Amino acid sequence: MLKRLRSRDNKPEYPGKNIEGEKTWLRKLERGDLSKSLNWLKDPSINMFLSQEFRDLTEEQEIKWYEYIQNSSRDMVFAILDRSNGKYIGNCSLNKIDTEKRYCELGIVIGEKDYWNRGFGTDAINSILEFASSNLKVKTIRLNVYKYNQRAIKVYGKCGFRLKRILRKDHLYGGKYWDTMVMEYRCGHSY
Ligand SMILES: CC(C)(COP(=O)(O)OP(=O)(O)OC[C@H]1O[C@@H](n2cnc3c(N)ncnc32)[C@H](O)[C@@H]1OP(=O)(O)O)[C@@H](O)C(=O)NCCC(=O)NCCS
């Protein structure tokens, strides 16, 4: 029998239990996660890698966004936990989910900076790619990453993303225009 991928109101279904990686667990983002999440997004040393709009994000706007994703049929947001101690260390998301086109986009932030470069991002991405492929039956996952974010580019490459195209000098940061790399992952495709 075909596994049900969507609830009756057409929202993609979160798994009933944590998605288990080797170092991380992923679970649905909860209301109680928002204040930490907001602090991460407003931190200049983190939001330089994300949308610059997050700099001025308010608590009200974040709550509105959280309420929006509760009813969204196109977005799923997960909290990333350190599997060894249950600590909440970041978020990852699938956005613009289109089950007809079997397409979505990926976002990730490890907000606890002392967790950077310790394999948690790689592990969380591998888990969410497996979830998107197996549960949502997505075939193509895309993301945008600024060229100066070499750590993220390295991680995406390790996880199987390949450069699709370059948006030349389309991102202004630090008084300079930077390229944005569009990277793509093809589920079940070995390059
Ligand atoms: C990008 C991010 C998700 C990566 O997660 P992470 O847990 O820090 O990364 P990992 O430890 O899994 O892997 C980091 C890899 O990058 C390498 N790396 C680190 N800094 C690097 C740099 N400046 N240039 C090239 N490679 C670098 C590490 O050596 C490691 O590779 P290795 O495992 O082969 O040694 C995380 O750092 C993060 O959230 N950063 C801030 C927000 C962000 O950039 N989000 C992505 C927006 S597109």
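Not measured: the values here are computed from a predicted model. (Residues numbered from 1 in each chain as written. Predicted model: local features only at pLDDT ≥ 70, side-chain atom pairs only at ≥ 80, totals over all residues. Heavy atoms only, no water.)

A. The packing of aromatic side chains, seen in detail. Evaluation of the coordinates by the stated rule reveals eleven aromatic pairs. Residues F49 and Y148 carry aromatic rings whose centres are separated by 6.2 Å and whose planes lie at 45 degrees to one another, so their mutual orientation is tilted. With F49 in the loop between helix 2 (44–47) and helix 3 (59–71) and Y148 in the loop between strand 6 (140–146) and helix 5 (150–158), this residue pair connects regions lying 99 residues apart in the sequence. Y148 gets classed as buried once you look at its relative accessible area, which sits at 15%. Its guanidinium or amino end placed over the ring of F120, K23 lies 4.8 Å from that ring's centre, counting from NZ or CZ. A cation over a ring is seen here: K28 above Y14, with NZ or CZ 5.0 Å from the ring centre. (Phe/Tyr/Trp six-rings, centres within 6.5 Å; stacked < 30°, edge-to-face > 60°. Helix = DSSP H or I, 4+ residues; strand = E, 2+ residues; numbered from the N terminus. Buried < 20%, exposed > 50% of the residue type's maximum accessible area, 1.4 Å probe, protein only. Lys NZ or Arg CZ within 6 Å of the ring centre and 35° of its normal.)

B. Local environment of a positive patch on the surface. On the surface, R102, K137, K139 and R186 cluster together to form a positively charged patch. As for its placement among the helices and strands, R102 is situated in the loop between strand 4 (88–98) and strand 5 (103–110). The class for R102 is partly exposed, based on a relative accessible area of 33%. (Patch = residues over 30% accessible without salt bridge, like charges linked within 9 Å, V, L, I, M, F, W, Y side chains within 5 Å. Areas by Shrake-Rupley, 256 points an atom, 1.4 Å probe, with all protein chains shown as cover. Salt bridge = Lys/Arg side-chain N within 4 Å of Asp/Glu carboxyl O. Lys, Arg positive; Asp, Glu negative; His and termini not counted. Charge placed at Lys NZ, Arg CZ, Asp CG, Glu CD.)

C. Layout of the nonpolar core. By size, the foremost hydrophobic cluster in this structure holds 36 residues, and its most contacted members are L94, L106, I125, I141, Y156 and F161. For this core, the element with the most residues is helix 4 (residues 120–134), which contributes seven residues. Apart from residues no more than four positions distant in its own chain, Y156 is found in contact with L106, I108, I125, L143, V145, F161 and M183. In terms of nonpolar packing, the next biggest core, distinct from the first, is built from 15 residues, L38, I46, L81 and Y88 among them. (Core = buried A, V, L, I, M, F, W, Y, C linked by side-chain atoms within 4.5 Å. Contact = heavy atoms within 4.5 Å.)

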